[in-house]
Amino acid sequence: MSSFTESGLVKKLSELNPSQQSIQTLSLWLIHHRKHHSIIVKTWLKELHRVSSSKKLTFMYLANDVIQNSKKKGPEFGKEYENVLLKAFKLIAGSGPEEKTIHSLNRILNIWGERGVYDEPRIKEYSAALNQREKSPAATATAATPSKKNGEEKREKRKQEGGDSNGHGHKKKSKSSSSSSATANSGSSAAPVEKKPAKSEVTIEVNGKVETHVTLSPHQPDGDPPEPEELIRVIQELENSASSDAAVRERIANLPPEVSELSALAKLEDKEAAMRLAVKVNDAIKILNDYNARLASEMDDRKKLTTMLKDFQREQQELLAQAEQRLEEYTSKLSKIKEVQREVRNHMNNLPDLTALPDVTGGLAPLPSAGDLFNIHHH
């Protein structure tokens, strides 16, 4: 995954299309570079002004995916978007959007309200901005808050069509029976449906059809190089790993020999001694189980660190190659500029010295001064 630059973001936004893969790929890239959340949201709003009316809906799907899937890693995007969404909804409302665009955005607002993404006054403010083109308050309320009856009719229709997920009567298997029902209940067009921390269902409208996808999000895609601070954090955490815990290792080394030697059982003389040994054995098992679990976790962490280091090294090699290419280009430019500089100096040295030229006046008398002219006038 490439490093963040504003020009790179503009390019990615220009290449964004309404497909689920395109939206989620860019969403994950933005979340990965969340430390640049401020410039990301500002650039998103700036580009929203430039794109066509139809693509504005795709931009809102992207914002929705970023806002909801970044909550796990931090609230930066949610807070940053909160400051610009009112402008965005007003902009979309004023761009002459189609009815289905307004309907899709109202469904996103409904989801945000149900999940508490933003508080109720904010949702109403966004809804009012989006639906300001409506002629009557009743129409606005209907568009912003679909009735329960409408939801029931949609569920019944989907049930009769055998779980059709695109609304066009084509038989299409959904990921699960519950996911189809959840999608119909929420009416989401580009938002996770169930409140599960690691798993979310996404439905996105593409060319009049609705695609339903189950995705594990947010997560870092395979091969995605980590940020340097993330890599440093993982390395620092491994400094306090199980294998470096000398106190526990010493405690295990000092366990009484009878807890691990079967021959000690023959020396037991009564039930009381056996009970005492059983307590020691159970304590030893607990210590070892805990430590083994920590070691297993550390092994996983070290494997992940190895992968992160490989991805990081690969990215740094790519950046090094780019830097070397730029250095070569600029070295070549510098060489050309120096060559021009030498030519200019040589040319200057070959130009005649004006001070050494003969007197061009040819011995003519100098022109009269202003005082001379004044005296002549009086005479």
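Below or above, wherever it landed, is the structure these notes cover. (Residues numbered from 1 in each chain as written. Predicted model: local features only at pLDDT ≥ 70, side-chain atom pairs only at ≥ 80, totals over all residues. Heavy atoms only, no water.)

Turning to the packing of helix 4 (residues 53–69) against helix 7 (residues 99–115), a few remarks are in order. One can describe the packing of helix 4 onto helix 7 by two numbers: an axis separation of 10 Å at closest approach and a directional angle of 10°. Comparing their axes, helix 7 and helix 4 come out roughly parallel. Contact with helix 4, carried on its side by Leu-57, Met-60, Tyr-61, Asn-64, Ile-67 and Gln-68, involves Thr-101, Ser-104, Leu-105, Ile-108, Ile-111, Trp-112 and Arg-115 of helix 7 and no other residues of that element. Residues of the contact of helix 4 with helix 7, tallied by class, amount to 8 nonpolar, 4 polar and 1 charged. (Axes fitted to C-alpha atoms, helices over the stretch in contact; angles between N-to-C directions. Helix = DSSP H or I, 4+ residues; strand = E, 2+ residues; numbered from the N terminus. Parallel < 35°, antiparallel > 145°, perpendicular 65-115°, else oblique. Contact = heavy atoms within 4.5 Å. Nonpolar A, V, L, I, M, F, W, Y, C, P; charged D, E, K, R; others polar.)

Taken as a whole, this structure holds 14 salt bridges when the rule is applied. Glu-258 is the salt-bridge partner of Lys-280, the closest N and O atoms lying 3.3 Å from each other. With Lys-280 in helix 14 (residues 271–350) and Glu-258 in the loop between helix 13 (246–253) and helix 14, the pair connects residues that are 22 residues apart, well separated along the chain. Its relative accessible area of 40% is what places Lys-280 among the partly exposed residues. In this structure, the salt-bridge partner of Arg-314 is Glu-318, at a minimum N-O distance of 3.9 Å. Taken together, the residues span about one helical turn, with Arg-314 and Glu-318 both in helix 14 at a distance of 4 residues. (Salt bridge = Lys/Arg side-chain N within 4 Å of Asp/Glu carboxyl O. Buried < 20%, exposed > 50% of the residue type's maximum accessible area, 1.4 Å probe, protein only.)

Moving on, we get to the nonpolar core. In terms of nonpolar packing, the biggest core is built from 42 residues, with Leu-30, Trp-44, Tyr-81, Leu-85, Phe-89, Trp-112 and Tyr-118 touching the most fellow members. When residues of this core are traced back to their parent elements, those giving at least two are helix 1 (6–15), helix 2 (20–32), helix 3 (37–50), helix 4, helix 5 (76–82), helix 6 (85–93), helix 7 and helix 8 (120–130). Looking at which element gives the most residues to this core, the answer is helix 4, with 8 residues. Setting aside residues no more than four positions away along its own chain, Tyr-118 makes contact with Ile-67, Gly-78, Tyr-81, Glu-82, Leu-85, Trp-112, Ile-123 and Tyr-126. (Core = buried A, V, L, I, M, F, W, Y, C linked by side-chain atoms within 4.5 Å.)

Turning to the packing of helix 3 against helix 6, a few remarks are in order. One way to put it is that helix 3 packs onto helix 6 with a least axis distance of 11 Å and a crossing angle of 5°. In terms of their interaxial angle, helix 3 and helix 6 are classed as roughly parallel. Note on element contacts: helix 6 touches helix 3 through Leu-85, Lys-87, Ala-88 and Leu-91, opposite Trp-44, Leu-45, Leu-48 and His-49. Counted by class, the contact of helix 3 with helix 6 contains 6 nonpolar, 1 polar and 1 charged residues.

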